[in-house]
Amino acid sequence: MRHWLAKTEPESFSWDDLVNAPGKTTCWDGVRNFQVRNFMRDHMRVGDLVLIYHSNADPPAAMGVAEVTREAYPDHTAFDPSHHHFDPKSDPEAPTWLMVDLRAKEALTPVGLPVLRATPGLEQMELLQLGSRLSITPVTPEEWAILMRLGGRRERSPRR
DNA sequence: GCCAACGTTGGC
DNA sequence: GCCAACGTTGGC
């Protein structure tokens, strides 16, 4: 199982929107970057966990954990001329753009960007690199563990 | 609103 | 294939 971080602008689609969606599930449409498409196509699998992050927000923050419930399939919004994400070059017979389905799994205590930047062990996170703009990025298991602790998720019950 | 960083486009 | 111009992202 892999871990990921997905950015979204809460003005257009927020963590709460995901929680309130039918089945707490949505198709993650609108990816128009080849590197991110390839992540989805080649590496995102059902059961992978995804940290949902609010970008262009005040404050920018990690909000909660979602789960991949459907692997990459064609992003139909690319075929719809009336849609904001329309791409005339994407042929329905050979779709350029893909999306996955995500389901909200667990809300976190929001973790703001300044905290992320100040936390030892997260220095190499893709999100925090200068000029990083990919909307979905891989997260290492070590980073994930730190992020879950920052988000207030309890450790597994200790042995006695 | 500013601006740095990055991807894409298109002339050549 | 180079690279300047342009559009977008996203923190501040």
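Each value, and the rule that gives it
Residues numbered from 1 in each chain as written. Chains lettered and ligands numbered in written order. Predicted model: local features only at pLDDT ≥ 70, side-chain atom pairs only at ≥ 80, totals over all residues. Heavy atoms only, no water. Pairing = 2+ DSSP bridges. Helix = DSSP H or I, 4+ residues; strand = E, 2+ residues; numbered from the N terminus. Buried < 20%, exposed > 50% of the residue type's maximum accessible area, 1.4 Å probe, protein only.

Draft legend 1. Spotlight on the pairing of strand S4 (residues 61-74). Looking at chain direction, strand S3 (residues 49-54) and S4 are connected through six bridges and run antiparallel. Note on S4: the bridge partner recorded for Leu 51 is Val 65. One ladder, built from ten bridges, connects S4 with strand S5 (residues 98-112); its direction is antiparallel. Following the sheet pairing, Val 65 is matched in S5 by Glu 106.

Draft legend 2. Up close: the pairing of strand S1 (residues 3-8). Burial analysis of S1 places six of its six residues in the buried class, which makes it a mostly covered element. What you see with S1 is no split at all: His 3, Leu 5 and Lys 7 on one side and Trp 4, Ala 6 and Thr 8 on the other are buried throughout. Bridging between S1 and S3 involves six bridges; their strand directions are parallel. Paired with Leu 5 across the two strands is Leu 51, which belongs to S3. Pairing of S1 with strand S6 (residues 136-139) involves four bridges; the strand directions are antiparallel. Each residue of the ladder has a partner; that of Ala 6, found in S6, is Ile 136.

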